[in-house]
Amino acid sequence: QVQLVESGGGLVQPGGSLRLSCVASGITLSAYSIAWFRRSPGNEREFVAALRLSGGSTYYTDSVKGLFIISRENAKNAAYLQMNSLRPEDAAVYYCAAGVPILTAIRTTQEYRYWGQGTQVNVSS
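Reading guide: rules and limits
- Residues numbered from 1 in each chain as written.
- Predicted model: local features only at pLDDT ≥ 70, side-chain atom pairs only at ≥ 80, totals over all residues.
- Heavy atoms only, no water.
- Helix = DSSP H or I, 4+ residues; strand = E, 2+ residues; numbered from the N terminus.
- Rg over C-alpha atoms; globule rule 2.2 N^0.38 Å.
- Buried < 20%, exposed > 50% of the residue type's maximum accessible area, 1.4 Å probe, protein only.
- Pairing = 2+ DSSP bridges.
- Phe/Tyr/Trp six-rings, centres within 6.5 Å; stacked < 30°, edge-to-face > 60°.
- Salt bridge = Lys/Arg side-chain N within 4 Å of Asp/Glu carboxyl O.

Draft legend 1. Broad picture of the overall build of the protein chain. For the protein chain, the count of helices and strands is zero helices and eleven strands. Counting helices and strands in the order they occur from the N terminus, the protein chain gives β-β-β-β-β-β-β-β-β-β-β. Since a compact globule built from 125 residues should have a radius of gyration of about 14 Å, the 13 Å found for the protein chain is in line with a globular shape. Relative to its 125 residues, the protein chain shows a buried fraction of 44%.

Below is the structure:
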C-alpha cells in the first residue's frame with residue numbers, strides 16, 4: 001500500500017517559516033518527480049512547486065519563487081517544502097504528490113499518481 005504522509009503544518013505569523021515534510025511508504029520516492037500543491041477554501045487545488053526526477057530541475061508558481069524551496073532526501077524516502085516569508089494568502093492545505101509528469105504538464109494535478117492527505121498551514125497574527 002502506497003502512502004504519502006505530510007507533516008509540519010501549523011499556525012505561523014506573517015513573515016514566519018515552516019518546513020513541510022512528506023514521507024513515502026510503499027514506493028521509492030526517488031523514482032518519481034515530486035510536487036507540492038495547495039488548496040485554500042473556495043479555490044481549486046493549485047500547483048506550488050515541483051522537483052523533476054530527470055535532472056532534478058525545480059519549478060515554482062510565481063508567487064512563491066525565491067521564498068519556497070522544494071527538496072528531497074532519498075535516504076529517508078522523503079520530500080520537503082521549506083516555506084519562508086509566509087503571507088496570509090499562503091494559508092491552505094498543502095499536499096505532496098508523486099508521479100512521472102511530462103515536462104509541459106509538471107504543474108498539472110492529473111499527472112501525479114500518488115497523493116498525501118494534506119497538512120494545514122495557517123498564517124495569521
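Draft legend 2. Region of the structure containing the pairing of strand β4 (residues 33-39). In terms of residue burial, β4 counts as a mostly covered element, since six of its seven residues are buried. As paired strands, β4 and strand β9 (residues 92-99) are joined by seven bridges and run antiparallel to one another. Along β9, the bridge assignment pairs Arg-38 with Tyr-94. Pairing between β4 and strand β5 (residues 46-51): five bridges, direction antiparallel. Bridge pairing in β5 places Phe-37 opposite Phe-47. Here β4 hands over to β5 after six residues, with Gly-42 in that stretch at a positive phi of 85°.

Draft legend 3. Quick peek at the packing of aromatic side chains. This structure, assessed with the given rule, holds five aromatic pairs. Judged by centre distance (5.7 Å) and plane angle (85°), the ring pair of Tyr-32 and Tyr-114 falls under edge-to-face. With Tyr-32 in the loop between β3 (18-25) and β4 and Tyr-114 in strand β10 (residues 112-115), this residue pair connects regions lying 82 residues apart in the sequence. Overall, the relative accessible area of 14% leaves Tyr-114 in the buried class. Ring plane angle 75° and centroid distance 6.4 Å describe the contact between Tyr-112 and Trp-115, whose orientation is recorded as edge-to-face. A relative accessible area of 4% means that Tyr-112 is categorised as buried. One aromatic cluster in this structure is built from Phe-37, Phe-47, Tyr-112 and Trp-115.

Draft legend 4. Local environment of the pattern of salt bridges. All chains considered together, the criterion is met by four salt bridges. Of the charged contacts, one joins Glu-46 and Arg-38 as a salt bridge, the two residues approaching to 2.6 Å between their closest N and O atoms. Across the pair Lys-65 and Asp-62 runs a salt bridge whose closest N-O atoms are separated by 3.0 Å. Each of Arg-38, Glu-46, Arg-87 and Asp-90 takes part in salt bridges that share partners, so that together they form one network.

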